[in-house]
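The chain contents come next:
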Amino acid sequence: RPLLAVAPHAGYAYSGPTAGRIYRRLAPWEYDRVFILAPSHRYRLSVVSVAGSAAYATPLGEAAVDRDVAGALAGAPGFCSVAAAHAAEHAEEIQLPFLQVLYGEKLRIVPLLVPRLTEAGRAAAAAALAPFADGRSLFLVSSDFTHYGAAYGYVPFRDRIPERLAELDGGAIARLLARDPVGLLAYEQRTGITMCGVDAAALALRVPL
């Protein structure tokens, strides 16, 4: 049973085929809840924010929030609950139709927005999440990888772009597969890779799955 996955959150036209491959791998398995760990694109946070709403509405219906788990986390060290941060966060929302198709009305989600954390903050949040690492929870990291181009302020090379992007992203993926949060964060600092969910991924890797 996969316990941790990383899925992209760009527009479906760009990320859909990749996300579909990931969710196809998850299809045979059932979970009691899915933690969606995503970056906060529009709201500045200092600790992890957990959604306080009862459900998220999509064209496929409502995706229910696991209120017991969300409530327990909202009062835990390293967490808060800021409704405004979740109100228009596409990194959470774009995952929901895939999850709804897989799990239907059984789906229970715990949306988490993960900002840039200190090591102490990451350790506190991971400790609060540890009791839910019970083999029945999926920790789903919502993250795109390199945002290349002048519009993103990131043009570290101008030749062999596809190959070098694959190499750059591959270095981050290798550290994910090695379950190395320290190495992942160090790789980001060394390369400047514009992986928007790097802190969400580092937190997920700190949870003892």
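Preceding this paragraph is the structure being described.
Residues numbered from 1 in each chain as written. Predicted model: local features only at pLDDT ≥ 70, side-chain atom pairs only at ≥ 80, totals over all residues. Heavy atoms only, no water.

Asks: Just checking my understanding: could you explain the layout of surface pockets for this structure?
Replies: Over the atoms a probe the size of a water molecule is rolled, and this reveals where empty space is left. Empty space within the largest pocket amounts to approximately 960 Å³. Contributing to the lining of the largest pocket are 28 residues, with Val6, Pro8, Thr18, Ile22 and Phe145 lying nearest its centre. A breakdown of the residues in the lining of the largest pocket according to their chemical character gives 17 nonpolar, 6 polar and 5 charged. Counted as a void, the second largest pocket has a volume near 230 Å³. Classifying every residue of the lining of the second largest pocket by side-chain character gives 9 nonpolar, 2 polar and 3 charged. (1 Å grid on protein atoms, 1.4 Å probe; cavity = no way out; pocket = protein on both sides within 12 Å on 5 of 7 lines; lining within 4 Å. Points joined across faces, edges and corners; volume = space filled by probe spheres on them. Nonpolar A, V, L, I, M, F, W, Y, C, P; charged D, E, K, R; others polar.)

Asks: What is the right way to look at the packing of helix α1 (residues 12-26) against helix α5 (residues 96-103) in this model?
Replies: Think of two packed helices as two axes; the pair is described by the angle between the axes and how far apart they sit. α5 packs onto α1 with a crossing angle of 30° between their chain directions and a minimal axis gap of 10 Å. On the basis of their axis angle, the class for α1 and α5 is roughly parallel. Handedness of the crossing formed by α1 with α5: right-handed. When α1 is examined against α5, the residues Tyr12, Gly16, Ala19, Gly20, Tyr23 and Leu26 are found in contact with a partner set consisting of Pro97, Phe98, Leu99, Leu102 and Tyr103. Each residue belonging to the contact of α1 with α5 can be placed in one class, and the counts come to 9 nonpolar, 2 polar and no charged. (Axes fitted to C-alpha atoms, helices over the stretch in contact; angles between N-to-C directions. Helix = DSSP H or I, 4+ residues; strand = E, 2+ residues; numbered from the N terminus. Parallel < 35°, antiparallel > 145°, perpendicular 65-115°, else oblique. Left-handed = near helix turned anticlockwise from the far one by under 90°. Contact = heavy atoms within 4.5 Å.)

Asks: What is the right way to look at the pattern of salt bridges in this model?
Replies: Where charged atoms from two side chains of opposite charge approach closely, those side chains can pair. Under the defined criterion, the tally for this structure stands at 10 salt bridges. One salt bridge connects Lys106 with Glu30, and the closest N-O pair in it is separated by 3.8 Å. Residue Lys106 is located in the loop between α5 and β7 (108-113), and its partner Glu30 is located in the loop between α1 and β2 (33-38); the two are separated by 76 residues in the primary sequence. By relative accessible area, Glu30 is classed as partly exposed at 45%. What emerges from the salt-bridge pattern is a single network uniting Arg116, Glu119, Arg122, Glu188, Asp199 and Arg206. (Salt bridge = Lys/Arg side-chain N within 4 Å of Asp/Glu carboxyl O. Buried < 20%, exposed > 50% of the residue type's maximum accessible area, 1.4 Å probe, protein only.)

Asks: Explain unusual backbone geometry here, please?
Replies: Note on backbone geometry: most residues besides glycine have negative phi, and most peptide bonds are trans. The phi dihedral of Arg160 falls on the positive side, at around 50°, and the residue is not glycine. Among the secondary structure elements, Arg160 is positioned in the loop between β8 (137-142) and α7 (161-177). With a phi close to 55°, Arg179 is a non-glycine residue in the positive phi region. When you line up the elements, Arg179 lands in the loop between α7 and α8 (181-191). The class for Arg179 is partly exposed, based on a relative accessible area of 38%.

Asks: What's the story with the pairing of strand β1 (residues 4-7) in this structure? I'm lost.
Replies: Each regular strand displays side chains that alternate between the two surfaces of the sheet. Going residue by residue along β1, you find Ala5 and Ala7 tucked away on one face and Leu4 and Val6 left uncovered on the opposite face. Across 4 bridges, β1 lies against β8 in parallel orientation. Bridge pairing in β8 links Val6 to Val141. (Pairing = 2+ DSSP bridges.)

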